[in-house]
Amino acid sequence: EEKRSLSFVEQLVEEDLAKGKNGGRIQTRFPPEPNGYLHIGHAKAICMDFGVAEHYNGICNLRFDDTNPSKENNEYVENILNDISWLGFKWGNIYYASDYFEKLWDFAVWMIKKGLAYIDEQSAEEIAAQKGTPTTAGTPSPYRDRPIEESLALFEQMNTPEAVEGSMVLRAKLDMANPNMHFRDPIMYRIIHIPHHRTGTKWNAYPMYDFAHGQSDYFEGVTHSICTLEFVPHRPLYDKFVDFLKEMDGSDTPLDDNRPRQIEFNRLNLTYTVMSKRKLHQLVDEHFVNGWDDPRMPTICGMRRRGYSPESVRGFIDAIGYTKFDALNDVALLEASVREDLNKRATRVSAVVNPVKLVITNYPEGQTEEMEAIDNPEDENSAKHTITFSKNLWIERDDFMEDAPKKFFRMAPGKEVRLKNAYIVMCTGCTKDAEGNIIEIQAEYDANSKSGMEGANRKVKGTLHWVSADHCLKAEVREYDRLFNVENPSADERDFLELLNPESLKINNEVYVEKYLAEKKPGDYLQFQRIGYFMLDPDTTSDHLIFNKTVGLKDTWAK
Ligand code: ATP
Ligand code: MG
Ligand code: MG
């Protein structure tokens, strides 16, 4: 592991270790709700949860927080597992909050019997209206002091198929005047009749997040329950429920160290995107993007498809670090991390994205040569592949100027340029159509100037990439821009859908790539030399190659 300074979370963990808490054992968990795909914000939590466990030779388990059947399903579970593996992390066990429904039920019954919980038959609106404000006490529910036996019977009823959704809830009987609003008789259970992805129709009453999360941590023996800052005000309640659990367990020291410790860090927010699952669902469901793995999405699967490496995502998260203050992170920093990592691993290839013909007039018609191309000059032991050279080539239209200024070091009549991995050529002219568009450029090659030959050593400023017109493949390139037009769509008063960038996807169907690319697969990191990083898209078929532009070589957004 690289040397780096400890995050404040790790410092707290080390304090606990120094005190001998939990016998030196470290156990964390990553607790996704299987109601959507993981995004880069989740990656930040994953790096923390798994990172702490790894660093202190502990264990990080997965726990699917599946206490609300309405939006959860197994498709999400499968994809979450896949994404975590792709990021490079290994979990210990896989748990589900739904594994604890029985235990949570028994705990709730124990609370009712202790006079610590009651059934409230008011509507959600009535309950909300009685909450009060942080500076004024709430109003106690008229059901607050109902007999224990009545609550017990109604709790049983809540869990029957006949129970009407919204007709009653189970509430903890805590403190309607507590300045912490979460203590004002929080809801523990509500009625939901949607079948659960694992328990089917067995349950009709489901625990709320606050009545499931800390308890699940406790049941599993989690030592450090690391989460994001919005849970800071939930922490006293988290601890309170664990106190009650320990009391039920018969622990005579309810405040001893055998309890999970909740620690909160700042969420990751990225410029020009949204991260809320509700909004991401809407983008997918209403077809503003082409699925969860659309390369414009901030999802892990979208980034993977776009061509980001797991190392670059992790490098970015390391770079932004963990603090106690919410911030908006610049997506340009993520892209810089992608470039830095792909520079080390991408195979350099030739692709012409805005093609114009170049004819080498003194090169024999029908002759070809296999030129050697180094896959990655950043790697001393790099492999090589070959690229076919011939009389008729494609080069970039922008690499030619008929009336070039002095500082233009690319192709212009009377000037020499080097063709990458091939010869030095002298431009002799161009041909135009009736409208004056350049349709062909001509040049003569120096047969003694091939790489490695004596004639190759003279000073020529420009080096251009090319592909042989008769030995290349036509491809589609999908180029992506920001999904949203504003830096922080979530802070804007307009609806986020109005802020979508209508030009976030540009399709270029006339790209010529070297033949070697026919062998490539999604997952192979490529650099189209002088253009950017690319990856084959899984939509590719045997006669239609499609590449996603991962990121350009330079930050074109920099001001
Ligand atoms: P949403 O609120 O949009 O539905 P969520 O945060 O509830 O998403 P979960 O599946 O519950 O999604 O998240 C699992 C874990 O990932 C939680 O511990 C949560 O704190 C963390 N997490 C989610 N989003 C971010 C983020 N943007 N930055 C850091 N951690 C995050
Ligand atoms: Mg959640
Ligand atoms: Mg949430």
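A. Local environment of the overall build of the chain. Across its full length, the chain holds 12 helices and 25 strands. Against the 2.2 N^0.38 benchmark of 24 Å for 559 residues, the chain shows a C-alpha radius of gyration of 31 Å, more extended than a compact globule. Based on the C-alpha atoms only, the size of the chain along its principal axes is roughly 100 × 50 × 40 Å. Restricting to contacts in the chain with at least 6 residues of sequence separation, those with at least 24 account for 71%. Counting 68 positive and 91 negative side-chain charges, the chain places the averaged centre of each group 4 Å from the other.

B. The arrangement of the confidence of the model for the chain in detail. For the chain, the average pLDDT comes to 95, and 97% of its residues sit at 70 or higher. Taken together, the chains of this predicted complex give a pTM of 0.95 and an interface ipTM of 0.97.

C. Layout of unusual backbone geometry. Residue His287 is not a glycine yet carries a positive backbone phi of 60 degrees. Along the chain, His287 falls in the loop between helix 9 (277-285) and helix 10 (300-306). What makes His287 exposed here is its relative accessible area of 67%. Here Asn421, not a glycine, exhibits a phi torsion of approximately 65 degrees, which is positive. Along the polypeptide, Asn421 turns up in the loop between strand 16 (416-419) and strand 17 (424-432).

D. Looking closely at the pattern of salt bridges. Inspection of every chain in the model, using the stated rule, returns 40 salt bridges. With a shortest N-O distance of 3.0 Å, Arg304 and Asp83 are connected by a salt bridge. Highlighted residues: Arg304 in helix 10 and Asp83 in helix 3 (residues 74-87), separated in sequence by 221 residues. We classify Asp83 as buried; its relative accessible area is 1%. Salt bridges sharing partners connect three or more residues here, namely Asp293, Arg305, Glu476, Arg478, Asp537 and Asp539.

E. Representation of the sheet that holds strand 7 (residues 205-207) within the structure. One open sheet holds the four strands; their spatial order is 4-5-6-7, and the pairing between them is antiparallel. The open sheet has two edge strands, strand 4 (117-120) and strand 7, and neither has a second partner. Taking each pair of neighbouring strands and ignoring which way they run, the sheet shows an average axis angle of 25 degrees. Both strand 6 (residues 187-191) and strand 7 contribute to a ladder of three bridges, which runs antiparallel. Residue pairing for strand 7: Tyr189 is matched across the bridge by Pro207. The sheet contacts of helix 4 (residues 101-113) involve strand 4, strand 5 (169-172), strand 6 and strand 7, and relative to strand 6 the element is tilted by about 120 degrees.

F. Inspection of the packing of helix 4 against helix 6 (residues 148-158) at higher detail. Where helix 4 meets helix 6, the closest approach of the two axes is 9 Å, and the angle between their N-to-C directions is 160 degrees. It follows that helix 4 is roughly antiparallel to helix 6 by the angle criterion. Here helix 4 and helix 6 pass one another in a crossing that is right-handed. Residues Trp105, Ala108, Val109, Ile112 and Lys113 of helix 4 lie in contact with helix 6, whose contacting residues are Ile148, Ser151, Leu152, Phe155 and Glu156.

G. View of the nonpolar core. Grouped together as the largest cluster of nonpolar side chains are 50 residues, with contacts concentrated most on Ile40, Ile84 and Leu334. Sequence-distant contacts of Ile40, defined by excluding residues within four places in its chain, comprise Leu268, Leu270, Met275, Pro298, Ile300, Met303, Val313, Phe316, Ile317 and Leu334. Listed in part, the 39 residues of the second largest apolar core include Ile112, Leu152, Trp203 and Ala205.

H. Structural context of the site of ligand 1. Around ligand 1, 14 residues are found, and the nearest of them are Glu33, Thr228, Arg267, Leu268 and Lys277. Glu33 has a polar backbone atom sitting 2.8 Å from an oxygen atom of ligand 1. Here an oxygen atom of ligand 1 sits 3.2 Å away from a polar atom, N or O, in the side chain of His42. Of all the elements, helix 2 (residues 40-55) adds the most residues to the shell around ligand 1, at three residues.

I. The arrangement of helix 8 (residues 235-248) in detail. Between its first and last C-alpha, helix 8 extends 20 Å over 14 residues, near the 20 Å set by a 1.5 Å rise per residue. Buried residues of helix 8: Leu237, Tyr238, Phe241, Val242, Asp243, Phe244, Leu245 and Lys246, and no others. Buried positions along helix 8 lie against helix 4, strand 5, strand 6, helix 7 (213-220), strand 8 (224-228) and strand 9 (261-265). Positive phi shows up at Gly250, right after helix 8, with a value of about 85 degrees.

J. Focus on the sheet that holds strand 12 (residues 355-360). As summarised here, the arrangement of the seven strands in space is 19-16-17-18-12-15-20, forming an open sheet in which the pairing is mixed. Edge strands, defined here as strands with exactly one partner in the open sheet, are strand 19 (463-464) and strand 20 (467-468). Examined bridge by bridge, strand 17 and strand 18 (residues 438-445) share seven bridges and lie antiparallel to one another. Residue pairing in the sheet places Gly429 in a bridge with Gln442 of strand 18.

K. Structural detail: a positive patch on the surface. Together, Lys406, Lys407, Lys459 and Lys461 line one region of the surface with positive charge. Residue class for Lys461 comes out exposed when judged on its relative accessible area of 58%.

L. Expanded view of the packing of aromatic side chains. As enumerated under the stated definition, the model contains 26 aromatic pairs in all. Ring pairs connect the aromatic residues Phe101, Trp105, Phe107, Trp110, Phe155, Tyr189, Trp203, Tyr206, Phe211 and Phe241, which therefore count as one cluster. The ring of Phe219 is capped by Lys103, whose NZ or CZ atom sits 4.4 Å from the centre of that ring. Positioned above the aromatic ring of Trp86, the side-chain terminus of Arg304 is 5.5 Å from the ring centre.

M. Layout of the environment of Tyr56. Here Tyr56 shows up in the loop between helix 2 and strand 2 (59-64). Here Tyr56 falls in the buried class, since its relative accessible area comes to 14%. For Tyr56 and Asn392, which are 336 residues apart along the polypeptide, the C-alpha to C-alpha distance reads 61 Å.

Rules behind the numbers
Residues numbered from 1 in each chain as written. Chains lettered and ligands numbered in written order. Predicted model: local features only at pLDDT ≥ 70, side-chain atom pairs only at ≥ 80, totals over all residues. Heavy atoms only, no water. Helix = DSSP H or I, 4+ residues; strand = E, 2+ residues; numbered from the N terminus. Rg over C-alpha atoms; globule rule 2.2 N^0.38 Å. Contact = heavy atoms within 4.5 Å. Lys, Arg positive; Asp, Glu negative; His and termini not counted. Charge placed at Lys NZ, Arg CZ, Asp CG, Glu CD. pLDDT = per-residue confidence, 0-100. Buried < 20%, exposed > 50% of the residue type's maximum accessible area, 1.4 Å probe, protein only. Salt bridge = Lys/Arg side-chain N within 4 Å of Asp/Glu carboxyl O. Pairing = 2+ DSSP bridges. Axes fitted to C-alpha atoms, helices over the stretch in contact; angles between N-to-C directions. Parallel < 35°, antiparallel > 145°, perpendicular 65-115°, else oblique. Left-handed = near helix turned anticlockwise from the far one by under 90°. Core = buried A, V, L, I, M, F, W, Y, C linked by side-chain atoms within 4.5 Å. Near = heavy atom within 4 Å. Polar contact = N/O pair within 3.5 Å; in protein donor to acceptor, adjacent residues only side chain to side chain. Expected span 1.5 Å × (residues − 1). Patch = residues over 30% accessible without salt bridge, like charges linked within 9 Å, V, L, I, M, F, W, Y side chains within 5 Å. Areas by Shrake-Rupley, 256 points an atom, 1.4 Å probe, with all protein chains shown as cover. Phe/Tyr/Trp six-rings, centres within 6.5 Å; stacked < 30°, edge-to-face > 60°. Lys NZ or Arg CZ within 6 Å of the ring centre and 35° of its normal.

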